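Breakdown of the fold
In case you want the letters, here they are:
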Amino acid sequence: MFLKRIELQGFKSFADKTIIDFEDEVTGIVGPNGCGKSNVNDAIRWVLGEQSAKSLRGQSMSDVIFSGSEGRKAVNMAEVTLVFDNSKKHFDIEFDEVSITRRLFRNSGEAEYMINNTPCRLKDVTNMVMDSGLGRDSLSVISQGNIHEIVDVKPEERRPLFEEAAGVAKYKKRKHESLNK
Ligand code: ATP
Ligand code: MG
């Protein structure tokens, strides 16, 4: 699975449209404290379906929208798109390139999700992502402080990580959903 590009606009400190192209063999993002490195990581997890504002280091979900800075007004919408190489069909759709977009509007609180520019439900994104092994709880994205959590928690709290990695988590989720219908 290859993340080719991230496009951010109005997400956290990225007020202007910003494109990070990984095709030029970017292997790391470096910079001084507070320059926005972790915000890129938050953006990736946000698009992959993260629903916890706290885990995105905010109080409410609207905290991901650029809230203004010196000489710069807050904006009304955050939008992030991830573009993946899907030539190996990690995502179960026919296209060789897959983009996933998430938007959030401050005023209405409205959220939008798109796969390849076609509006879809959050569920469509999470199902597609879960099946690919890139799930929200997988180890594909590890945030600052996560390693501690993984090492320090009780075995039963560590178990979901192994279940996600082994591909069991999605079946557990589906079982849970069908039993609760
Ligand atoms: P460190 O090296 O300390 O981990 P970092 O590069 O990971 O730093 P981030 O945590 O990504 O830094 O960025 C923090 C910056 O993002 C802060 O300056 C904060 O004010 C800014 N920021 C976060 N959310 C918003 C928002 N909604 N609007 C504007 N700026 C924001
Ligand atoms: Mg950081």
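Please read all numbers here as calculations on a predicted model, not as lab measurements. (Residues numbered from 1 in each chain as written. Chains lettered and ligands numbered in written order. Predicted model: local features only at pLDDT ≥ 70, side-chain atom pairs only at ≥ 80, totals over all residues.)

Some words on the sheet that holds strand 1 (residues 2–9)
Quick reminder of the rule: Any two strands between which DSSP finds at least two bridges are classified as paired. For helices the rule is a DSSP run of H or I covering at least 4 residues; for strands it is a run of E covering at least 2, with both sets numbered from the N terminus onward. Every angle, taken between N-to-C directions, lies between 0 and 180 degrees, and every axis is a line fitted to C-alpha atoms, over only the stretch in contact when it is a helix. We call two residues in contact if the C-beta atoms placed from their backbones are at most 7 Å apart.
Here six strands make up an open sheet; going across it, the order is 2-1-3-4-5-6 and the pairing antiparallel. Of all the strands in the sheet, just strand 2 (18–21) and strand 6 (118–120) have a single pairing partner and so form its edges. On average, each strand axis in the sheet is inclined to that of its neighbour by 20°, with strand direction left out of account. Along the sheet, helix 1 (residues 37–47) makes contact with strand 1, strand 2, strand 3 (77–85) and strand 4 (97–105), crossing strand 3 at roughly 80°.

Regarding the environment of lysine 17
Position of lysine 17 among the secondary structure elements: in the loop between strand 1 and strand 2. Along the sequence, lysine 17 and valine 80 sit 63 residues apart, while their C-alpha atoms lie 9.4 Å from each other. The contacts of lysine 17, once residues within four sequence positions are left out, are Glu7 and Gln9.

So, the environment of threonine 18
Here is the rule we go by: To sort residues by exposure, count the other C-beta atoms lying within 10 Å of each residue's C-beta; 20 or more gives buried, 12 or fewer gives exposed, and values between give partly exposed, all with C-beta atoms placed from the backbone.
Looking at the secondary structure, you find threonine 18 in strand 2. Look at threonine 18 and you get partly exposed, because 16 C-beta atoms sit within 10 Å.

Some thoughts on the domain arrangement of the protein
Note the threshold: Annotation comment: domain bounds sourced from an automatic or database domain assignment.
Per the domain assignment, the segments making up the protein are domain 1 (2–134) and domain 2 (145–181). On a C-alpha basis, the centres of domain 1 and domain 2 stand 23 Å from each other.

Comments concerning the nonpolar core
Our working rule: Core membership is restricted to buried Ala, Val, Leu, Ile, Met, Phe, Trp, Tyr and Cys residues, and these are joined into a nonpolar core through C-beta atoms within 7 Å.
Of all hydrophobic cores here, the largest spans 24 residues; its most connected members are Phe11, Ala43, Val47, Val64, Ala78 and Val80. For this core, the secondary structure elements donating two or more residues are strand 1, helix 1, strand 3, strand 4 and helix 2 (122–131). In contact with valine 47, other than residues within four places in its own chain, are Val80, Leu82, Ile100 and Arg102.

Side note on the site of ligand 1
To keep it simple, the criterion reads: The C-beta atom of each residue is placed using the backbone, and any residue whose C-beta lies within 6 Å of a molecule or strand is treated as near it. Amino acids outside the nonpolar list (Ala, Val, Leu, Ile, Met, Phe, Trp, Tyr, Cys, Pro) and the charged list (Asp, Glu, Lys, Arg) are all regarded as polar, and Gly is one of them.
If you check the shell around ligand 1, you find 16 residues, and the closest are Lys12, Asn33, Lys37, Ser38 and Asn39. Its residues assigned to classes, the shell around ligand 1 shows three nonpolar, ten polar and three charged.

Here we look at the pairing of strand 3
Sheet topology places strand 1 next to strand 3; seven bridges connect them, and they run antiparallel. Bridged to leucine 8 within strand 3 is valine 80. Judged from the nine bridges that link them, strand 3 and strand 4 form a sheet pairing that is antiparallel. Of the residues in strand 4, the one forming a bridge with valine 80 is arginine 102.

Considerations on the UniProt feature "binding site: ATP" (unreviewed entry) in the protein
Heads up, the rule is: UniProt positions are given in the numbering used here, feature names are shortened, and annotations may be inferred rather than shown by experiment.
As annotated by UniProt and renumbered to match this structure, "binding site: ATP" (unreviewed entry) occupies Pro32, Asn33, Gly34, Cys35, Gly36, Lys37, Ser38 and Asn39. With respect to the helices and strands, the residue proline 32 is situated in the loop between strand 2 and helix 1.

Looking at helix 1
Quick reminder: α-helices carry 3.6 residues per turn. Residues three or four places apart thus point the same way. We count it as follows: When we speak of the arc, we mean the arc of directions from the helix axis to the C-beta atoms.
Of all the positions in helix 1, only Asp42, Ala43, Trp46 and Val47 are classed as buried. Each buried residue of helix 1 sits inside an arc of 125° when the element is viewed along its axis, so together they form one side. Where helix 1 is buried, its residues meet strand 1, strand 3 and strand 4. Glycine 49 lies just past helix 1 and shows a positive phi near 115°.

Looking at unusual backbone geometry
Backbone phi values are negative for most residues with the exception of glycine, while trans is the configuration of most peptide bonds. Phi is positive for lysine 12, which is not a glycine, with a value near 45°. Its place among the elements puts lysine 12 in the loop between strand 1 and strand 2. Phi is positive for arginine 57, which is not a glycine, with a value near 65°. Along the polypeptide, arginine 57 turns up in the loop between helix 1 and strand 3. A count of 14 C-beta atoms within 10 Å places arginine 57 in the partly exposed class.

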